[in-house]
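Reading the structure
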Amino acid sequence: MRLHLCAVGRLRAGPERDLVDDYLARLDRTGRPLGLGPVIEHEVEDRKGGGMAAEGALLSRAIPEGAALCVLDERGKTLSSPEFAQTLAQWRDGGRQDAAFVIGGADGVDPALRARADLTISLGRMVWPHMLVRVMLAEQLYRAATILAGSPYHRA
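The following paragraphs examine the structure supplied in this document. None of the values given here were measured: they were computed from a predicted structure.

Calculation notes
Residues numbered from 1 in each chain as written. Predicted model: local features only at pLDDT ≥ 70, side-chain atom pairs only at ≥ 80, totals over all residues. Heavy atoms only, no water. Patch = residues over 30% accessible without salt bridge, like charges linked within 9 Å, V, L, I, M, F, W, Y side chains within 5 Å. Areas by Shrake-Rupley, 256 points an atom, 1.4 Å probe, with all protein chains shown as cover. Salt bridge = Lys/Arg side-chain N within 4 Å of Asp/Glu carboxyl O. Helix = DSSP H or I, 4+ residues; strand = E, 2+ residues; numbered from the N terminus. Phe/Tyr/Trp six-rings, centres within 6.5 Å; stacked < 30°, edge-to-face > 60°. Buried < 20%, exposed > 50% of the residue type's maximum accessible area, 1.4 Å probe, protein only. Polar contact = N/O pair within 3.5 Å; in protein donor to acceptor, adjacent residues only side chain to side chain. Pairing = 2+ DSSP bridges. Axes fitted to C-alpha atoms, helices over the stretch in contact; angles between N-to-C directions. Contact = heavy atoms within 4.5 Å. Expected span 1.5 Å × (residues − 1). Arc of directions from axis to C-beta.

Time to look at a nonpolar patch on the surface. Together, Leu123, Met126, Trp128 and Leu132 make up an exposed nonpolar region whose accessible area comes to about 370 Å². Tracing the backbone shows Leu132 in helix α5 (residues 130-149).

Written out as structure tokens, the structure reads:
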């Protein structure tokens, strides 16, 4: 199952980019034998100032047809890492070819796009900058692969 990280904004060189690259490289090594990966990053920018609706349209175009859709949003469900891993496994085992993970911009994800989601998750009750959310999502995707592989990385 191909994984698509769809985000508003460009992640430029720096510590966040380094962390995302590291976790995605680890995920590639661990996840591919499990049928998870590759991860394809889709970065969108609304240069016309159309707000959440315009960002939502750009993000929608980045999501493959038929993909399981997971939106990261502060109003979403809080999952444990094993629950997140199990969700990925269910999508994969259910025949999904793609799973898309959407991270909105400063104002969040367009409500119309959020309403289409198969799953809306929160990384906690606090709001995080979208560049850090990308790092945290990349780590959780890697952690999910290690859980499914039976690796000792996740020690809960």
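By convention here, two paired aromatic rings are described through the distance between centres and the angle between planes. Per the stated rule, a full pass over the model turns up four aromatic pairs. Relative to Tyr142, the ring of Tyr23 has its centre 6.3 Å away and its plane inclined at 35°; by these criteria the two rings are tilted. Of this pair, Tyr23 sits in helix α1 (residues 15-31) while Tyr142 is found in helix α5, placing the two residues 119 residues apart along the sequence. Residue Tyr23 is classed as buried on the basis of its relative accessible area of 15%. Residue classification places Tyr142 among the buried residues on the basis of a relative accessible area of 10%. Here Phe84 and Phe101 contribute two aromatic rings whose centre-to-centre distance is 6.1 Å and whose plane-to-plane angle is 65°, an arrangement assigned as edge-to-face. Of this pair, Phe84 sits in helix α3 (residues 81-93) while Phe101 sits in strand β4 (residues 98-103); the two residues are 17 residues apart in sequence, bridging distant segments of the chain. A connected cluster of aromatic rings, assembled from ring pairs, spans Tyr23, Tyr142 and Tyr153.

The next subject is the side chain of Ser81. For Ser81, the location among the structural elements is in helix α3. Relative accessible area serves as the criterion here: at 14%, Ser81 is assigned to the buried category. Only 2.7 Å separates the side chain of Ser81 from the side chain of Gln140, close enough to count as a polar contact.

Spatially, five strands are ordered β2-β1-β4-β3-β5 in an open sheet, and the strand pairing comes out parallel. Bordering the open sheet on either side are β2 (39-44) and β5 (119-121), each of which pairs with just one other strand. For this sheet the average axis-to-axis angle between neighbouring strands, irrespective of direction, equals 25°. Pairing geometry for strand β3 (residues 68-77) and β5, over four bridges, is parallel. Across the sheet, Val71 pairs through a bridge with Thr120, a residue of β5. Against the sheet, α3 engages β3, β4 and β5, with an angle of about 140° to β4.

When you line up the elements, Arg114 lands in helix α4 (residues 111-115). Spatially, the C-alpha atoms of Arg114 and Pro15 are 29 Å apart, while their sequence positions differ by 99 residues. Not counting chain neighbours up to four residues away, the residues in contact with Arg114 comprise Val71, Asp73, Arg75, Val109 and Thr120.

A few words now on helix α2 (residues 51-62). Counted at 1.5 Å a residue, the expected span for α2 with its twelve residues is 16 Å, and the 17 Å between its end C-alpha atoms agrees. Considered for burial, the residues of α2 that qualify are Glu55, Gly56, Leu59 and Ala62. Buried residues of α2 fall within an arc of 115° about the axis and therefore sit on the same side. Looking at the buried positions of α2, the neighbouring elements they touch are β1 (2-8), β2, β4 and α4.

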